[in-house]
Structure formats: structure tokens, C-alpha cells
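Breakdown of the fold
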Amino acid sequence: MTDEAATPTPGTPLEAALAAPAEAPLAAPTAPAAPRRLPVTDVSLVVLIGTSGSGKSTFARRHFLPTQVVSSDFCRGLVADDENDQSASAEAFDVLHYIVGKRLAAGRLTVVDATNVQPEARRQLVKIARDHDVLPIAIVLDVPPGVCAERNRTRPDRQLPPHVIPRQNRELRRSLHGLEREGFRKVHILRGEAEVAAAEIESEKRYNDLRHLTGPFDVVGDIHGCRSELETLLTRLGYVLSRDAEGRPVDAEHPAGRTAVFVGDLVDRGPDTPGVLRLVMGMVAAGHALCVPGNHENKLGRAMDGKKVTVSHGLQESLDQLAGESEEFKAEVRAFMRGLVSHYLLDGGALVVCHAGLPEKYHGRASGRVRSHALYGETTGETDEYGLPVRYPWAEEYRGRALVVYGHTPVPTASFVNNTICLDTGCVFGGSLTALRYPERELVSVAAEREWYAPVRPMVTDAPGAREGRPLDLADVAGRRIVETALHGRVAVREENAAAALEVMSRFALDPRLLAYLPPTMAPTATSRREGFLEHPDEAFAAYRADGVRQVVCEEKHMGSRAVVLVARDDAALEKRFGVAGPGAIWTRTGRAFLADDALTAAVLGRVRAAAERSGLFEELGTGWLLLDAELMPWSLKAVELLRRQYAAVGAAAGAALPVVLSALERAAGRGLDVDGLTARQRQRAADAGAFTEAYRRYCWPTEGLSGVRLAPFQVLAAEGANLAVRPHDEHLAWIDRLADADALLADANKAADADGSAAPLLHRTGRLVVDTADEASVAAGVAWWEELTGAGGEGMVVKPLDSLVRAQRGEGRPGGLVQPGVKVRGREYLRIIYGPDYTEHLDRLRERALGHKRSLALREYALGLEALDRLAAGEPLWRVHEAVFAVLALESEPVDPRL
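Fair warning: this is a prediction, and the values are worked out from it, not measured in the lab.

1. So, the overall build of the chain
- Each helix and strand counted, the chain has 28 helices and 36 strands in total.
- If you line up the chain on its principal axes, its C-alpha atoms span 125 × 75 × 55 Å.
- Across the 900 residues in the chain, those meeting the buried criterion constitute 53%.
- Looking at the chain alone, contacts between residues at least 24 apart form 73% of all its contacts between residues at least 6 apart.
- In the form shown here, the chain has an accessible surface area of approximately 38,600 Å², with 52% of it arising from carbon and sulfur atoms.
- Averaged over its 108 positive side-chain charges, the chain has a centre that lies 4 Å from the centre of its 123 negative ones.

2. With respect to helix 10 (residues 273-285)
- Taking 1.5 Å of rise per residue, 13 residues should cover 18 Å, and helix 10 covers 18 Å from first to last C-alpha, within 8% of that figure.
- Among the 13 residues that make up helix 10, eleven are buried, leaving the element largely enclosed by the rest of the structure.
- Within helix 10 the residues assigned to the buried category are Thr 273, Pro 274, Gly 275, Val 276, Leu 277, Arg 278, Leu 279, Val 280, Met 281, Gly 282 and Met 283.
- If you check the start of helix 10, you find a side-chain oxygen 2.8 Å away from the backbone N of Gly 275, and it comes from Asp 272.
- Gly 287 sits one or two positions beyond helix 10 and adopts a positive phi of about 80°.

3. Let's talk about the nonpolar core
- Judged by nonpolar contacts, the single largest core of 48 residues is most densely connected at Phe 578, Trp 587 and Leu 627.
- In terms of residues, this core owes the most to one element, helix 28 (residues 878-891), which gives ten residues.
- Look past the residues within four positions of Phe 578 in its chain and what remains in contact with it is Arg 513, Leu 514, Ala 516, Leu 566, Trp 625, Leu 872 and Leu 878.
- Ranked by size, the runner-up nonpolar core spans 40 residues in total, among them Cys 226, Met 281, Val 309 and Ala 435.

4. Let's talk about the packing of helix 19 (residues 598-615) against helix 23 (residues 729-749)
- Two elements in contact, helix 19 and helix 23, have axes separated by 8 Å at closest approach and are oriented at 110°. As summarised for this structure, helix 19 and helix 23 are arranged roughly perpendicular, according to the angle between their axes. Across from Arg 607, Ala 610, Ala 611, Ala 612, Arg 614 and Ser 615 in helix 19, the residues of helix 23 making contact are Arg 738, Leu 739, Ala 742, Asp 743, Leu 745, Leu 746 and Ala 747.
- Here the residues of the contact of helix 19 with helix 23 sort into eight nonpolar, one polar and four charged.

5. Things to note about the sheet that holds strand 30 (residues 710-719)
- If you trace the five strands from one edge of the open sheet to the other, you get 28-27-29-30-31, paired in antiparallel fashion. Lying at the two open borders of the sheet, with one neighbouring strand each, are strand 28 (584-587) and strand 31 (722-723).
- Bridge count between strand 30 and strand 31: two bridges; the pairing is antiparallel. By the bridge assignment, Ala 718 is partnered in strand 31 with Asn 723.
- Contacting strand 27 (561-568), strand 28 and strand 29 (625-633), helix 18 (residues 571-578) runs over the sheet at an angle of about 105° to strand 29.

6. Some points on the side chain of Arg 278
- Of note, Arg 278 is situated in helix 10.
- Taking relative accessible area as the criterion, Arg 278 reaches 11% and is therefore assigned buried.

7. Some remarks on unusual backbone geometry
- Between Gly 215 and the following residue, Pro 216, the backbone shows a cis peptide bond with an omega angle of 5°.
- Along the chain, Pro 216 turns up in the loop between strand 8 (209-210) and strand 9 (217-220).
- Each neighbour pair has its own omega, and for Met 633 with Pro 634 the value is 0°, a cis peptide bond.
- Structurally, the position occupied by Pro 634 is in the loop between strand 29 and helix 21 (636-670).
- The backbone phi angle of Ser 804 is positive, close to 70°, even though this residue is not glycine.

8. Focus on the sheet that holds strand 21 (residues 432-438)
- What the five strands build is an open sheet, ordered 13-12-9-21-22; its pairing is mixed. Only two strands of the sheet have a single neighbouring strand rather than two, namely strand 13 (289-291) and strand 22 (442-447). Looking at each pair of strands side by side, their axes are set apart by 20° on average, direction ignored.
- With four bridges connecting them, strand 9 and strand 21 associate as antiparallel partners. Within the sheet, the bridge partner assigned to Val 220 lies in strand 21 and is Ala 435.
- Contacts between helix 9 (residues 227-236) and the sheet are confined to strand 9, strand 12 (259-262), strand 21 and strand 22, with strand 22 contributing the most and set at about 140° to the helix.

9. Points about the pairing of strand 6 (residues 186-191)
- The element strand 6 is extensively covered by neighbouring structure, given that six of its six residues are classed as buried.
- Burial of the side chains of strand 6 extends over both faces: Lys 186, His 188 and Leu 190 are buried on one face and Val 187, Ile 189 and Arg 191 on the other.
- Strand direction decides the pairing type here: strand 5 (residues 135-142) and strand 6, joined by six bridges, are parallel. Counterpart to Ile 137 in the pairing with strand 6 is Lys 186.

10. Some remarks on the confidence of the model for the chain
- Counting all residues, the mean pLDDT for the chain is 87, and 90% of those residues have values of 70 or more.
- Counting interchain partners and residues more than four positions distant, the pLDDT-below-50 stretch residues 1-30 has 73 contacts.
- For residues 461-469, every residue scores under 50 in pLDDT, and the model assigns this stretch twelve contacts once sequence neighbours within four places are set aside.

11. Thoughts on the packing of aromatic side chains
- All told, the structure shown has seven aromatic pairs when counted by the stated rule.
- Ring geometry for Phe 429 versus Tyr 453: centroids 6.5 Å apart, planes at 55°, classification tilted. Here Phe 429, found in the loop between strand 20 (420-422) and strand 21, pairs with Tyr 453, found in the loop between strand 22 and strand 23 (481-485); they are 24 residues apart in sequence, far enough to count as distant.
- Tyr 453 sits in the partly exposed class, given a relative accessible area of 23%.
- Through a chain of ring-to-ring contacts, the aromatic side chains of Trp 394, Tyr 398 and Tyr 406 assemble into a single cluster.
- Seen from the ring of Phe 329, Arg 278 lies directly overhead, with NZ or CZ sitting 4.5 Å from the centre.

12. A closer look at the environment of Glu 200
- Examined against the element boundaries, Glu 200 turns out to sit in strand 7 (residues 199-204).
- With 137 residues separating them along the chain, Glu 200 and His 63 place their C-alpha atoms 7.5 Å apart.

13. Considering helix 27 (residues 852-873)
- Counted at 1.5 Å a residue, the expected span for helix 27 with its 22 residues is 32 Å, and the 32 Å between its end C-alpha atoms agrees.
- Taken across its 22 residues, helix 27 has 16 buried, putting it largely inside the fold.
- After helix 27 finishes, the residue Gly 875 shows a positive phi value of roughly 75°.

14. A look at the pattern of salt bridges
- Scanning the entire structure with this criterion turns up 59 salt bridges.
- In this structure, the salt-bridge partner of Glu 894 is Arg 494, at a minimum N-O distance of 3.8 Å. Note that Glu 894 is positioned in the segment after helix 28 and Arg 494 in the loop between strand 24 (489-493) and helix 16 (495-507), a separation of 400 residues in sequence.
- Note that Lys 800 and Glu 555 form a salt bridge whose closest N and O atoms lie 3.1 Å from each other. With Lys 800 in strand 33 (residues 796-801) and Glu 555 in strand 26 (residues 551-556), this pair connects stretches of sequence that are 245 residues apart.
- According to the relative accessible area criterion, Glu 555 is buried, its value standing at 3%.
- Several salt bridges share partner residues, and in doing so they unite Asp 218, Arg 258, Arg 437, Glu 440 and Glu 442 into one network.

15. Overview of the environment of Pro 512
- Inspection of the secondary structure puts Pro 512 in the loop between helix 16 and strand 25 (523-524).
- When its relative accessible area of 27% is taken as the criterion, Pro 512 is described as partly exposed.
- Separated by 373 residues in the primary sequence, Pro 512 and Val 885 have C-alpha atoms spaced 9.3 Å apart.

16. Concerning the side chain of Arg 847
- In this structure, Arg 847 sits in the loop between helix 26 (843-846) and helix 27.
- Look at Arg 847 and you get buried, because its relative accessible area is 10%.
- At 2.6 Å, the side chain of Arg 847 and the backbone oxygen of Arg 530 are in polar contact.
- Beyond its immediate sequence surroundings of up to four residues, Arg 847 is in contact with Thr 527, Ser 528, Arg 529, Arg 530, Glu 531, Gly 532, Phe 533 and Leu 534.

About the criteria used
- For every chain, the first residue of its written sequence is number 1, and the numbers climb from 1 along that sequence.
- The predicted nature of this model means local features are confined to residues of pLDDT at least 70 and side-chain atom pairs, given and counted, to a pLDDT of 80 or more, with totals for whole chains, interfaces and linings taken over all residues.
- Each side-chain value is derived from all of the structure's non-hydrogen atoms; neither hydrogens nor water enter the calculation.
- Each helix is a run of H or I in the DSSP string that is no shorter than four residues. Each strand is a run of E no shorter than two, and both are numbered from the N terminus.
- Relative accessibility decides the category of a residue: with a 1.4 Å probe and only protein chains considered, values under 20% of the type maximum give buried, values over 50% give exposed, and everything between is partly exposed.
- Any two residues having at least one pair of non-hydrogen atoms within 4.5 Å are treated as being in contact.
- The method behind every accessible area is Shrake-Rupley, applied with a 1.4 Å probe, and residues are considered shielded solely by the protein chains displayed.
- Two residue types count as positive, namely Lys and Arg, and two as negative, namely Asp and Glu; His and chain ends fall outside the count.
- To locate a charge, the coordinates of NZ of Lys, CZ of Arg, CG of Asp or CD of Glu are taken.
- The length a helix should cover is 1.5 Å for every residue beyond the first.
- N or O atoms within 3.5 Å of each other form a polar contact, as long as, within protein, one can give a hydrogen and the other can take it, and as long as residues adjacent in sequence are counted only when both atoms are side-chain atoms.
- Residues enter a nonpolar core if they are buried and are Ala, Val, Leu, Ile, Met, Phe, Trp, Tyr or Cys, with the set joined through side-chain atoms within 4.5 Å.
- Think of each axis as a best-fit line through the C-alpha atoms, taken over the contacting stretch in the case of a helix, with angles from 0 to 180 degrees between the N-to-C directions.
- These descriptions rest on fixed angle ranges, namely under 35 degrees for roughly parallel, over 145 for roughly antiparallel, 65 to 115 for roughly perpendicular, and the rest for oblique.
- Under the convention adopted here, Pro, Cys and the residues Ala, Val, Leu, Ile, Met, Phe, Trp and Tyr are nonpolar, Asp, Glu, Lys and Arg are charged, and Gly plus all remaining residues are polar.
- At least two bridges found by DSSP between two strands is the condition for calling them paired.
- Within a predicted model, pLDDT stands for the predictor's per-residue confidence, ranging from 0 to 100.
- A pair of Phe, Tyr and Trp rings is counted when the ring centres sit within 6.5 Å of each other, with Trp represented by its six-membered ring. The angle between the planes then sorts it: under 30 degrees is stacked, over 60 is edge-to-face, the rest tilted.
- Two limits define a charge over a ring: the Lys NZ or Arg CZ must be within 6 Å of the ring centre, and within 35 degrees of the ring normal.
- A side-chain nitrogen of Lys or Arg and a carboxyl oxygen of Asp or Glu constitute a salt bridge if their distance falls within 4 Å.

Structure follows, in C-alpha cells:
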């Protein structure tokens, strides 16, 4: 089986080198040499070897970029200001090795320009290459010593003692016998000046680098000889099978040009290893499939080559089945398995396929260590109760950009973990054969026809956390974190913010298994310059128009607090997905239980459940649970202490003090004092205080049980297997209307039994108006609607792109970044609650408020929220969902003006 780390060396003339006399200099050819092509892998360490004056630096300049060449002379100059100061050689090579290591770590072709004629010098470079899992390549410039000596004599900056070049030449000639044994995977020897001059470097891609192939792909898990199930799966995926004269499948092609990718372990244990090989080999040969090796192919190939192996784990079944095949077929199988490459980079590096999984540092690298991990994975050194090795959970620590698809370790169901997925669902053990459609990220499975081979370890375990891979863990969220989002790239969470969020989560939040989503913060519209206004709809419409958003929906802001509602159709539905049985939960923006009264929470959830059932929403969305974004009213239901201590106190103080002040001023005026200006100002303050009190009182009303409680959902966030938050807002509002109508009908039906007012409608519609930002009349209608809402005492409105998920247009239709998912436009009187009773007297100063950080925070939290819903919909483990949710809570600790 071919190993990328042991790439064959085309045209390496080692035989001639070994045949040359140990001390005999080679004469320069009298005729020009034919062009000599030297294959060099695109990511590798090229070590130039030759005596001083052999032309290594000239060769490097001619064939490689200046940035690719690391010269010992240059490094000597860095540390000693003199490239010829041999006393600085030790320090210079320390620098050289450091630079080489950094370049190789970054995946850069690196060329070392030094004599490198001594084995110890080469040994250190080979070790660095191995440490970074790249191929070391030797290029030897074997130029006659007389030529080298003459070149050195003509260099005024370098005069070497007479013994140096002969000594280096002797060391060079001794080296030619063992460069490959030293670890060089390719060795190119150029003899004489003519061959050096005629040489041409030919860059070649690594065998595993197929980034130019962009798919679409169908990645198939471990088959283990289950040929019939493979045929069924390929047919279900849309492939058309081709058969030979005996009716055996020998190829399969997808009419839409999709490519199958097999993760290895085609053989052993199952009923028809030759049939699987015949089909997969035919697909690969026809260009309809790719295949990486599994550990079972590795062992079978060694056995077929006559090497000593332990016959176990189903190998005997393959050997027995292959014994009935022709010698020609078996030779094809051996050649096929030898040619398999440990892993592939596909789709620009966004997809990595291997057998046993691969950490990011090994992607695209080539070494025995990489191949071993790709074939066998990594173990902890322990064995379980079945005597099998315990696998190191590398996927739990994976944070790479590329999706890694692998197999090797059977799992009951395939699920995404940290942008990785294991597709070995134990077909040969009676489970299923699974494929991942990429880039769709859809899973397609077919059940095994029977249990073909009894597993040593049971496929399903009742261990805690087994269904999700493992339970939630402090390590998932502690410290500085980087969360990868599909819509906004990487979002960083500071360590101090994570600590603050951990405090909230551990002391106050609901069971984190239920917290599938936290609402993002929302930025206000740009500050208005209109007389008397801090916020106005004009700026919101103009901003969306500038971003290329034509249609927006204006939604009424309710007089309550943000609430997320998770409602289950039945208790078992929540247990199945979230691991917690019950009717559901209601929580705040910080993950705390919204209501302290469990009975009231159950009553609210019961009404929402009944409305969803009656409206047919559970049935239509094919789900046992719904996740809603809503406002729960009144505001005093959650914030009664805030109202008493802050807002009521301000109103009471103003109500007590200002009448006394005005009375005193009136008496002073009666005595002839000029206090008209001061009196007018205090009367305005009294009026402002009255307006302040009136504003916050609108958000307070008495409740008892369900009586007086109102829930106004405005978005259906998610259902089983679906992130609904990316749907257009008119769809959401239509669903909400159906829920509200169903709740009203239920309330009417229950009026006869209403003893405490709980039969009054609970669910409320959200008022809305669609505005065309490019139509002046439509914009004017939007402004008028806002004025009507706020004039009647309403809080204001939220303006959102109708299509929900929108990117800004940046010239010639090119998409830019995400636009704000919504901006709030609050009414003039409501802003008194936020900025204080007399804020209108300070508008010039308040207009200088900075919105940049708030807007950035809103976009990051929005992207994290959608990422959590995507992971939830994809069936990823809850700890993966919780990673994004926790990041939203952590970002809430960033310092930002709370009035925004």
C-alpha cells in the first residue's frame, strides 16, 4: 500500500553514485546535458547538499522564490553581521532551524541553502521535517572539487583554507551511499556543471491534495463486505449501477456528476468482500469515486503480500472469499490497496476524508505518523471491559475549519461533533450503512439486511451521555474560546466574559440541556437629527435601503420582557431530543427561568401546547416540540422589583419634591423676585416627571394566575430537524396568527368554566406593516404607523428585513457582510424610561452616543444564535449547541451602554 511519506523517487541515479570510486572526482561533461526534471512536492523541505562553491545559492535563486530559501550564510549574518564569520555558525544554525520550523508549520515549501555534507547537519533537518510531517527532499550538487576551488578563489569575500573543499568533497561522497536511509524521501543527484545548469524543478502536488475537486460528494461509511447494502445505498443516492456479463456490479455513476468517497474498511467480516472491492475499484478507475484506506485494507494487503499478520477481526473471511477469485483479480486488489492515500483534502480544503479521523495539524501532511493516525486513530493506552483499546476523543478537541468525515469506530447513529462526523454505523454488525451528502450535510442510511458479524462491544450502550457522545462539561466553555459560525466566521469570547457567564449559568440558569437558544441583543436605529427626537424610523429605512434591502417588516414592540418558550407536544418529545422530560420551559435573555411560579409556567406552556395542537403547527412542521421567541407581558411580571426600586422611586421623589419647589417659587414671585425662568424650568421638570410616571405605568398591570398574563410570540425559531429562524418573517407572523386564533377559540370554549379569568386569550398577535424602503409613500406610511403606535403610548417598533437572513449589497451586486437582523425604533415618551424624565433637554449630548460596539455585538450574538439553531437542527450533541448559546451569554458581559 502506497504511503505518501514513502513516495517513489523517479529517476534518482543512486546506482551510479554508489558505483563511483570513493575519492574520484567526476569530470565535467564535454557536451550540454539533456534537461533534467526534478520533482519537488509543493509542501516539503528541500535540502541542498554540496561543497562550498558548488553553486547551491545560484541554484536556489534560479529555481525558488527568495522567501522560500533559508541560507546559512544569511543566518550567520543575522547573528554576527558577517556571513563568513564561522565562529557564529552554531547560533546561525539555531536561527536557521527555527525559521525552517516556522515555515513548515505554516505549510510552506522551504529550501535550506547550506553545505549539508555532514550527516549530523542533515539529521537535524530530517527531524524537523518529520516533526512537521512533511517530506524531506535532497538535491545534491556533485560538482568537481577543482571547479569549486576555482569559484572560491574568485570570491574576494571568501577565502577558504586549502583543506576545506577536499574534506567537504570526501564527506559528500560518503553521504551518497545513504541519503535515503537517512530519511530523505526523494533524492536528486546532479553530476557536474552541465547537469546542474540543465536541471528544472517540477512542482508536484501532494497525493492527498485534491482541493481542486469541489464535489458534490457522497461520503460512504465502513462497508465491511456488505455488498448488497452498498448497492442499495448507492441506488438510494441516485447512482446508476453497471454490471459485468455475470451480473456483478462493477461501476456506479451518478447522472448529476456527484462523486462517491469511501472512508475505508471495505473488507473483512461481511459476506462479499470481493464484490465490494470489484464495485469500488471499478468506480475509482472510472473516476466516479475516491477511496482512502482503512486499517482492514492495510492488514489484508499485507496478508496478500505474504507478510506475517495475525488473522483476526474478520480477516479470515476475506482471505477465504478471495481464494475463489482469479489471480488477475487478486493482483488488481493488491495494486489498488497499495495505491490508496491516507486521506484527502477536498473542496478547497473545506472537506477532509480519512478512515479514523485526523486533527487539523495533520491535514494535507505526509508522514508515517499522519498515516498511522488516519488508519488507526489514537488510543489512550487503556482497554475497555471488552478488551478493546479506548480511543482518544480527538473530535471533542477539534476546532478546525475543515469538516472531517471518517469511520472506524462504530456508533449507533451518525452525528456532527465539532465539525466532524463518524459514518461507521455498524452495517456489518446489524446496524446501518450511512452516507453523508456534501455540501448538503444530509445523512442517508440503509438498514443492514442482517447481523453478519457479532460485535465484540455492543453497538448501543446505556452509559450516561452515550446518546450525545458525552454530557456537558465545564471544559467546553471555560477560558478564552473561539466559536466557528457559518454566517459570521470566528467569534471570540474573552476569558473574563466566559467567567462572568459561567457565574450566571452555574448559579441562576435553567438546566443547560434545555437552553438551545438565547436571544441576541438588538441595536437601536441610527440617532435622529429631527427636532425633539432621539430615534425616528427615517434612519432605519434609510440604513436598510443603503444595504440593498428593499422590503422590511415593521413589528410592534410589546410592553413586556423577552422570553424564549420551549413547548413540547408531550413529555417524551423533550426527553428524546433534550434528555429532560417535561412540558417545556420559559427563560429570559440570560437563561434564567422567567417565572418563579412553576404552576404558572406549566399553565402558560399548557395553553401554548394546546394552541399549537389545535392550529396544526406540530403536525405541519413534523415535530414534537417548538421553540418560540416572544414577549411576555406585563413588564411588571418579571421586573416588579426594578419598577419599585428604580422607576417608581424616581416618580415618587419627583412627585413629592417638585410641587414643594413650585410652591416656594410662586411665593418668591409674589414677593417681587424675578424667578420666572427658574419657575418655567421646574414646571417643565414636573411635566417631564409626570410623563415619565405615565410611561412606565403602561407596562404594569395586576395579574393573578393566568389572568392578565399575555404572551406575544413573533418568531418560531426551531422545530425538530429544522432551523426556522432563517425563514422570511411573514411566514413566522402567519404561524403566530394561527396560534393566536387557535388560543382565542380555546378561550371562548372555556369561558363557561372560567373562574379566575384564565380563560381569556393568552396569545397575542404582533402588529406589523411591510414597507418598501425605495418607495416614498410606503416609507411615509411606515413613519405614520410608528407615530400612531407611540402616540397611543406604545413602546415603538422593530424594523427587520422581510427575508430575515440578508447580506448587504456592496456594489455591482456583490454581497457584503450580514445586515442587522433588526433595529429598534423607540418612541419619544418611552425613551424617558431609558434616559430619564428630562432627557429631551439633553438631546444634543445624547446624539453623540456611540452605536458601533452595540451593532457589532448584535451581529455576533445573532450569528451565534443561528449557529446554535443550525447545530440543533443537524442533530448535533447538545454540548455543541450549548457552546454557541453560552458564547451569547458571555458576550453580554462586554461593556456597552445599557441604555442602547
